[in-house]
Amino acid sequence: MHRQLRTDLNNFEKILSHTTAVAKEHLNQLDTLPPGRFISDIPLQDLPLKGIGAEAVLDYFQKNFAHQMANSTGPRYFGFVTGGSTPASIAGDWLVSAYDQNACGSNDSIAPQLERQTIHFFKELFGLSEAYFGSFVTGATMANFTSLALARQWVGEQRGVDFSNDGLCEAAPIKILSGTPHSSIMKSLSMLGIGRKSMIKIETLPDREAVDIVALENNLKEAGEPVIVVANSGTVNTVDFDDLEAIGRLKSKYNFWLHVDAAFGGFAACSEKYAHYLSGINHADSITIDAHKWLNVPYDAAMQFTRHKRTQLQVFQNSAAYLGDPEKSPDYFHYTPENSRRFRALPSWFTLMAYGKEGYQEIVERNCEAAHHFGELIKASENFQLLAPVRMNVVCFTLREIDTTMEAIKRFLDGVRDDGRVFFTPTVYRGIPGIRAAVSNWLTEREDMELAFEVITVVNQKMKLQV
Ligand SMILES: *Cc1c(COP(=O)(O)O)cnc(C)c1O
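Conventions we followed
- Residues numbered from 1 in each chain as written.
- Predicted model: local features only at pLDDT ≥ 70, side-chain atom pairs only at ≥ 80, totals over all residues.
- Heavy atoms only, no water.
- Helix = DSSP H or I, 4+ residues; strand = E, 2+ residues; numbered from the N terminus.
- Buried < 20%, exposed > 50% of the residue type's maximum accessible area, 1.4 Å probe, protein only.
- Near = heavy atom within 4 Å.
- Polar contact = N/O pair within 3.5 Å; in protein donor to acceptor, adjacent residues only side chain to side chain.
- Areas by Shrake-Rupley, 256 points an atom, 1.4 Å probe, with all protein chains shown as cover.
- Nonpolar A, V, L, I, M, F, W, Y, C, P; charged D, E, K, R; others polar.
- Phe/Tyr/Trp six-rings, centres within 6.5 Å; stacked < 30°, edge-to-face > 60°.
- Lys NZ or Arg CZ within 6 Å of the ring centre and 35° of its normal.
- Pairing = 2+ DSSP bridges.

Q: Is there a simple way to think about the environment of Ser17 in this case?
A: Looking at the element boundaries, Ser17 is found in helix H2 (residues 12-27). Ser17 gets classed as partly exposed once you look at its relative accessible area, which sits at 45%. Once the C-alpha coordinates of Ser17 and Phe267 are considered, the two residues, 250 residues apart in sequence, prove to be 35 Å apart.

What follows is the structure in structure tokens.
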């Protein structure tokens, strides 16, 4: 064994405590570290010939890089839709690395069975029928990709073609209909060979991001062939929800695959106040829900659900001879894009066991309340204006200047980031450049929103003085 490996093997325990110390240093400051920072390109170093050993690497990392990480797990990182990591989920995540299981389904570990258990918990949490088959992928983008791969196969089947074997070269274009699809849907269409241009954007309701059901029906009628409908449960700008009951009713008249992108909106199911937004979700043929957003587990975790397990097998079956019986569950090799896969269900299992249904109801309700409070502060202010009413956990707003350009928004957001207490990301809503505050962290309290409002007010004043 290499000398350095031997030393580290003998020092394993010390390395683990040292790692904990580095993590502690960060986690003890979640309330004060700047949520986001500007980092420019670093000069690249050459690969060391001789290693320095794990302990020295920990020191090196801590000295040079630790203070330049984003505090994205803190209570005031409001960019994108960013969840933090609950204590239980961090424990689970660390153990994923320690055990390093290949959760592909080979029958040598409890890992795939625990994934099946975790999926069962989720079906209960989201009110999904037991008829769904579910699996973990890396994020909602991959869950959308996986689901649309099934939808593509299903369209082929309706046409009497097996795309998984015959490919798409000879195929007529596949039509996708959606009101306000997430950008990852478009990316998936590109990856799947369906093409971004196959998306037919359907009109939305007045002043809403939810699809207009009448327009959707007209388009289904016009299509005159089996198509894919992507329904959106929780749009990123205004957390709007398509009417899944109404879309479900259309299924009895028209032949289409219904995919529901509920990346973070799925968590509406955790609270009686919001669960009605998801009513009808069981009409879906496939569903996407992220875990690394509102479940607050570390990155690299989302769930993909489908009622068409057989179709999923057709698309993802791995034909290598050493694989087990593909009909046996849970043999994830044959159902997900990956073969070897991280045991990414474990942090979710830990956090669901630790905090239960009630814990998630509390997080969702507290986050939404915080967002509503921030929305009220914006509404009452002279400097800012809401771009849309606050429905759940996202506040979409802009500067109250007559011509607010994207350039001005970016300058404003740079100022907010450099202040070091809050972090937001820009957006464009109905052609208007704006700002999104997405509240989805388990630590966020009402006071954080008050502090956030104070910061944006100060930065706005400073900007006005500079003009
Ligand atoms: C975040 C998000 C995605 C993409 O999720 P990743 O986990 O970043 O891949 C897809 N759809 C919606 C609605 C989202 O909010």
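Let us keep going from here.
Q: Would you explain the site of the ligand in this entry?
A: Around the ligand, 14 residues are found, and the nearest of them are Thr141, Asp261, Asp290, His292 and Lys293. Side-chain polar atom of His182 to a nitrogen atom of the ligand: 3.5 Å apart, as the coordinates give it. Here the ligand loses 83% of its free accessible area of 380 Å² to cover by the protein chains. Considering every element that reaches the shell around the ligand, the biggest residue donor is helix H6 (residues 140-159), with 3 residues. Its residues assigned to classes, the shell around the ligand comprises 4 nonpolar, 7 polar and 3 charged.

Q: Could you clarify how one ought to interpret the packing of aromatic side chains in this entry?
A: When we look at a pair of aromatic rings, we describe it by the centre distance and by the angle of the planes. Under the definition given, this model contains 21 aromatic pairs. Ring plane angle 85° and centroid distance 6.0 Å describe the contact between Phe397 and Phe424, whose orientation is recorded as edge-to-face. Separated by 27 residues along the polypeptide, Phe397 in strand S9 (residues 394-399) and Phe424 in the loop between helix H13 (406-419) and strand S10 (425-429) bring together distant segments of the chain. Residue Phe397 shares its accessibility class with Phe424, and that shared class is buried. Over the ring of Tyr132 we find Arg307; its NZ or CZ atom is 4.5 Å from the centre of that ring.

Q: Is there a simple way to explain the pairing of strand S6 (residues 286-290) in this structure?
A: The side chains of a regular strand alternate, residue by residue, between the two faces of the sheet. With 5 of its 5 residues buried, S6 lies for the most part within the structure. Every second residue of S6 is oriented toward a common face, with Ser286, Thr288 and Asp290 on one face and Ile287 and Ile289 on the other, all of them buried. In terms of strand pairing, strand S5 (residues 256-261) meets S6 through 3 bridges, oriented parallel. Paired with Asp261 across the strands is Thr288, a residue of S6. When S6 meets strand S7 (residues 302-306), the two strands line up antiparallel, connected through 5 bridges. For Ser286, the partnering residue across the bridge sits in S7 and is Thr306.

All quantities given are derived from atomic positions and should not be read as evidence of function.
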